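Coordinate analysis (summary)
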Amino acid sequence: MALGYVRPARPEDAGEIARIQLATWRVAYRRILPRHVLENLDEAWLARRWTAAVQEPPSDAHRVLVAVEQAEQSYLVGFVASGPADAEALAPNEPAESLGGGVAAVTDLLVEPRWGRRGHGSRLLAASVELWRSDGFDRAVAWAFDGDEATRKFLTSTGWSADGAARALDVDDMLVPQLRLHVALAAEPAPTPPAPAAPVD
């Protein structure tokens, strides 16, 4: 039986994170981003960026988590990167103060397609939410491509919703629309005490 879990990324994971990112983008975004852009992405360059993100995060609240599938062998199958919301989380011409404080932003959330539908995305998101709450965040945001129905469906199924913000990324002179989703990070409800046992006649 296969088991899955989430852990913090290590510097030696950077190559696999880059490989997963490239493989996933080329499948999931092949109808969204220009073909030549996807084909020309440099895996070694991506790996260097992920090494820096893991080894030298801008703050303790910037994190990269990885999903691992453990069967006879362990496989890195997905990852999530997040941190405090910054200018990259804003829509065009949106004032910096409009998001308010206490907002976490997801910059990447990917599970390699061949490992999909095995709970890895849910585990990555649940682990992130737990860490966001411990960091004092009360809301989280994420941008998704308008044409990325799988990501939007996944996030909305876990309580996220569009907040009305939109933008278009200029990808090699092609404008690719995105919309922003958000979710409130309410504290975990206290466990309900067990009901008293019914009297026995």
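A few points on the structure.

Parameters and conventions
Counting of residues starts from 1 at the beginning of each chain's written sequence and follows it residue by residue. Confidence filtering applies because this is a predicted model: local features only for residues at pLDDT of at least 70, side-chain atom pairs given and counted only at 80 or more, and all residues used for totals across whole chains, interfaces and linings. Calculated side-chain values reflect all of the structure's heavy atoms, with hydrogen atoms and water omitted. A pocket here means an open set of points on a 1 Å grid, computed over the protein atoms alone, that has protein on both sides within 12 Å along at least five of seven lines. A cavity is instead a set of points where a 1.4 Å probe fits but cannot get out; residues with an atom within 4 Å of a point line either one. Grid points are joined across faces, edges and corners, and a volume is the space filled by probe spheres set on the points. By the criteria applied, helices consist of DSSP H or I runs no shorter than four residues and strands consist of E runs no shorter than two, each listed in order from the N terminus. Each residue is assigned to one class: nonpolar for Ala, Val, Leu, Ile, Met, Phe, Trp, Tyr, Cys and Pro, charged for Asp, Glu, Lys and Arg, and polar for all the others, Gly among them. Pairs of residues are marked as contacts when any of their non-hydrogen atoms sit within 4.5 Å. Here, strands pair whenever DSSP counts at least two bridges between them. Axis lines are fitted to C-alpha atoms, over the contacting stretch for helices. Their N-to-C directions set the angle, which ranges from 0 to 180 degrees. Note on exposure labels: buried denotes an accessible area under 20% of the residue type's maximum, exposed denotes more than 50%, and partly exposed covers the range between, all computed with a 1.4 Å probe on protein chains only. Put simply, two rings from Phe, Tyr or Trp (the six-membered ring, in Trp's case) pair if the centres are within 6.5 Å, and we call them stacked under 30 degrees between planes, edge-to-face over 60, tilted for the rest. For a lysine, the NZ atom is tested; for an arginine, the CZ atom; a charge sits over a ring if that atom is within 6 Å of the ring centre and within 35 degrees of the ring normal. Salt bridge, as used here, is a side-chain nitrogen of Lys or Arg placed within 4 Å of a carboxyl oxygen of Asp or Glu.

Points about the layout of surface pockets
- What the second largest pocket holds in volume is close to 780 Å³.
- In terms of lining, the second largest pocket is formed by 25 residues, of which the most central are Val-111, Gly-116, Ala-150, Thr-151 and Phe-154.
- If you list the elements that add at least two residues to the lining of the second largest pocket, you get α1 (14-28), β4 (103-111), α4 (120-134) and α5 (149-157).
- Its residues placed into classes, the lining of the second largest pocket shows 11 nonpolar, 8 polar and 6 charged.

Description of the environment of His-182
- Tracing the chain through its elements places His-182 in strand β7 (residues 174-184).
- Through-space distance from the C-alpha of His-182 to that of Tyr-29 is 22 Å; in sequence the pair is 153 residues apart.
- The contacts of His-182, once residues within four sequence positions are left out, are Arg-139, Ala-140, Val-141, Gly-159, Trp-160, Ser-161, Ala-162 and Asp-163.

Topic: the sheet that holds β4
- Pairing within the open sheet is mixed, and its 7 strands lie in the order β1-β2-β3-β4-β5-β7-β6. Strands with a single pairing partner mark the edges of an open sheet, and in this sheet they are β1 (3-8) and β6 (161-171). Strand-to-strand twist in this sheet, taken as the mean axis angle between neighbours without regard to direction, amounts to 25°.
- Note that strand β2 (residues 63-70) and strand β3 (residues 74-84) share 8 bridges and pair antiparallel. Within β3, the position partnered with Gln-70 by the bridge is Ser-74.
- Contacting β2, β3 and β4, α1 runs over the sheet at an angle of about 90° to β3.
- Contacting β2, β3 and β4, helix α3 (residues 43-55) runs over the sheet at an angle of about 110° to β2.

Brief notes about the pairing of β2
- Where burial is concerned, most of β2 is hidden: 6 out of the 8 residues are buried.
- Looking at chain direction, β1 and β2 are connected through 6 bridges and run antiparallel. Looking across to β2, one finds that Val-6 is bridged to Ala-67.
- Once β2 ends, the chain turns through 3 residues before running back antiparallel as β3.

What about the packing of aromatic side chains?
- Under the criterion given, the structure shown has 3 aromatic pairs.
- Ring plane angle 80° and centroid distance 4.9 Å describe the contact between Tyr-29 and Phe-145, whose orientation is recorded as edge-to-face. Of this pair, Tyr-29 sits in the loop between α1 and α2 (35-39) while Phe-145 sits in strand β5 (residues 139-145); the two residues are 116 residues apart in sequence, bridging distant segments of the chain. We note that Tyr-29, like Phe-145, is buried.
- Pairing Trp-50 with Phe-79 gives two aromatic rings, centres 5.0 Å apart and planes at 70°, and the pair type is edge-to-face. With a gap of 29 residues between them, Trp-50 in helix α3 and Phe-79 in strand β3 connect regions that are remote in the sequence. Like Trp-50, the residue Phe-79 is buried in the burial classification.
- Through pairs of rings, three or more aromatic residues link up here, namely Trp-25, Tyr-29 and Phe-145.
- We note Arg-167 situated over the ring of Trp-143; from NZ or CZ to the ring centre the distance is 4.0 Å.

As for the pattern of salt bridges
- Scanning the entire structure with this criterion turns up 8 salt bridges.
- Residues Arg-35 and Glu-39 are paired through a salt bridge, measuring 2.8 Å at the closest nitrogen-oxygen approach. With a gap of 4 residues between them, Arg-35 and Glu-39 both fall in helix α2, about one helical turn apart.
- Arg-35 gets classed as exposed once you look at its relative accessible area, which sits at 66%.
- Taken together, the shared-partner salt bridges in this structure form one network comprising Glu-16, Arg-19, Glu-112 and Arg-114.

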